[in-house]
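# Examination of the molecular architecture
Next come the chains, spelled out residue by residue.
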Amino acid sequence: MNSGSLPMDFSAIAPTRAVDEISAQVREMIAGGRLKPGDRLPSERDLSARLGVSRNTLREALRALEHAGIVEMRKGATGGAFVRFGSSGVIVSGMRDLYHLGAITPEQLTEARVWLSEVVVRVACERATDEDFAALEGNINAVAKASEFDERARHNRQFHVLLAQATRNPILVITMEGIVEVFAHFIAQIGPSDNSFILPSRRRFLKHLRARDATAAVAEMTKALTRLQTKYMDQWDARLAASHGAD
């Protein structure tokens with residue numbers, strides 16, 4: 001981490017769009033390699049002077065960058081604004097917001113999970129390691145032991161993330177994290193329901209995955225998720241019908 005070894009040539013900006021321009025300069029420096037993860041930006045006093053803006057304007061820009069997952073604000077004598085290391089949190093929260101705003105519908109959500117899972121399973125069949133198999137098996141065992149619905153649901157969602165991690169592709173992992181996060185909110189809306197067929201299906205799936213049988217693994221996963229999709233959409237439609245009937 002540093003704040004002086006890399007050339008950070010901030011330039012004064014026009015006040016009309018100061019917050020946006022400050023954010024743009026920081027992003028451009030990251031893209032150009034002049035700022036790297038872990039680097040500390042200059043102090044508020046120094047940076048506001050270089051940019052020709054007030055400290056309040058600078059703080060607003062830094063808050064925007066923090067919300068975007070670009071910088072991390074740390075307190076204390078060694079604190080300040082630091083460039084963050086990569087995080088999927090912003091994308092995941094963005095997908096959640098899109099769902100709540102209605103830009104992602106429940107039908108699109110359930111469809112996307114089926115389609116993405118097919119890609120993930122095929123790649124995981126090629127790349128999964130013994131450690132991945134052990135993690136997936138541990139997850140299945142945790143589901144079997146869980147006594148509460150919320151705990152089972154949490155483990156079931158984590159299974160898909162573990163499977164995506166076995167692909168060694170961060171884009172697939174981040175996308176799956178976003179989908180399962182939104183799913184948690186979707187299930188909260190339609191209400192809990194146990195699906196007894198999932199656990200045996202997961203055990204069959206893991207057997208196929210260990211055998212590197214992508215065709216069988218995809219078929220097992222798709223069958224289970226399609227069955228869930230039908231059930232969830234029936235529950236969603238029933239919920240909408242009940243809501244309209246109450247109006």
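Our structure is the block above this text.
Not measured: the values here are computed from a predicted model. (Residues numbered from 1 in each chain as written. Predicted model: local features only at pLDDT ≥ 70, side-chain atom pairs only at ≥ 80, totals over all residues. Heavy atoms only, no water.)

## Overview of the overall build of the protein chain
Along the backbone of the protein chain there are 10 helices and two strands. Shown N-terminal to C-terminal, the secondary structure of the protein chain runs as helices and strands in the order α-α-α-β-β-α-α-α-α-α-α-α. By principal-axis analysis of the C-alpha atoms, the protein chain measures approximately 65 × 55 × 30 Å. Residue burial in the protein chain is summarised as follows: out of 247 residues, 40% are buried. Of the contacts made within the protein chain by residues no fewer than 6 positions apart, 71% connect residues no fewer than 24 positions apart. Total accessible area on the protein chain is roughly 13400 Å²; 52% of this is exposed by carbon and sulfur atoms. Positive and negative side-chain charges in the protein chain, numbering 32 and 30 respectively, have mean positions lying 4 Å apart. (Helix = DSSP H or I, 4+ residues; strand = E, 2+ residues; numbered from the N terminus. Buried < 20%, exposed > 50% of the residue type's maximum accessible area, 1.4 Å probe, protein only. Contact = heavy atoms within 4.5 Å. Areas by Shrake-Rupley, 256 points an atom, 1.4 Å probe, with all protein chains shown as cover. Lys, Arg positive; Asp, Glu negative; His and termini not counted. Charge placed at Lys NZ, Arg CZ, Asp CG, Glu CD.)

## Quick word on helix α5 (residues 106-127)
Relative to the 32 Å expected for 22 residues at 1.5 Å per residue, α5 spans 31 Å between its end C-alpha atoms, a close match to the ideal helical length. Listed as buried for α5 are Pro-106, Leu-109, Thr-110, Arg-113, Val-114, Leu-116, Ser-117, Val-120, Val-121, Ala-124 and Cys-125. (Expected span 1.5 Å × (residues − 1).)

## A look at the packing of aromatic side chains
Across all of its chains, the model carries five aromatic pairs by this definition. Judged by centre distance (6.0 Å) and plane angle (70°), the ring pair of Phe-159 and Phe-205 falls under edge-to-face. Placement of the pair is Phe-159 in helix α7 (residues 149-165) and Phe-205 in helix α9 (residues 198-210), with a sequence separation of 46 residues. Here Phe-186 and Trp-236 contribute two aromatic rings whose centre-to-centre distance is 5.8 Å and whose plane-to-plane angle is 55°, an arrangement assigned as tilted. One end of the pair, Phe-186, is in helix α8 (residues 170-190); the other, Trp-236, is in helix α10 (residues 214-246), and 50 residues separate them in sequence. Residue classification places Phe-186 among the buried positions, given a relative accessible area of 0%. (Phe/Tyr/Trp six-rings, centres within 6.5 Å; stacked < 30°, edge-to-face > 60°.)

## Some thoughts on the nonpolar core
With 45 residues, the main nonpolar core has Leu-109, Val-121, Leu-163, Phe-186, Phe-205 and Leu-209 as its most contacted residues. Every element with two or more residues in this core is listed here: α4 (89-100), α5, α6 (130-145), α7, α8, α9 and α10. Those residues in contact with Phe-205 that lie beyond four places of it in its chain are Val-121, Phe-159, Leu-163, Ala-217, Glu-220 and Met-221. With 19 residues, the next largest nonpolar core counts Ala-18, Leu-35, Leu-47 and Val-53 among its residues. (Core = buried A, V, L, I, M, F, W, Y, C linked by side-chain atoms within 4.5 Å.)

## Side note on empty space enclosed by the protein
Taken as a whole and judged by the stated rule, the model has one cavity of 30 Å³ or more. In this structure, the largest cavity occupies an estimated 60 Å³ of space. Around the largest cavity sit Ile-198, Ser-201, Arg-202, Phe-205, Glu-220, Met-221, Ala-224, Leu-225 and Leu-228, which together line it. With five residues, the top contributor of residues to the lining of the largest cavity is α10. (1 Å grid on protein atoms, 1.4 Å probe; cavity = no way out; pocket = protein on both sides within 12 Å on 5 of 7 lines; lining within 4 Å. Points joined across faces, edges and corners; volume = space filled by probe spheres on them.)

## Things to note about the layout of surface pockets
By volume, the largest pocket amounts to about 360 Å³. Lining the largest pocket are 20 residues, and of these Arg-152, Ala-153, Asn-156, Asn-195 and Ile-198 sit closest to its centre. For the lining of the largest pocket, the secondary structure elements donating two or more residues are α6, α7, α8, α9 and α10. Residue contributions to the lining of the largest pocket peak at six residues, all from α7. The residue inventory of the lining of the largest pocket, partitioned by class, reads 10 nonpolar, five polar and five charged. (Nonpolar A, V, L, I, M, F, W, Y, C, P; charged D, E, K, R; others polar.)

## So, the side chain of Ser-117
On the secondary structure map, Ser-117 appears in helix α5. A residue is classified by how much of its surface remains accessible, and Ser-117, at 3% relative accessible area, is buried. Beyond its immediate sequence surroundings of up to four residues, Ser-117 is in contact with His-160, Met-176, Met-221 and Leu-225.

## A closer look at the environment of Phe-149
Turning to its location among the elements, Phe-149 is positioned in helix α7. Along the primary structure Phe-149 and Leu-65 are separated by 84 residues, whereas in three dimensions their C-alpha atoms are 38 Å apart. Residues within four places of Phe-149 in sequence aside, it is in contact with Ile-187, Pro-192, Ser-193 and Asp-194.

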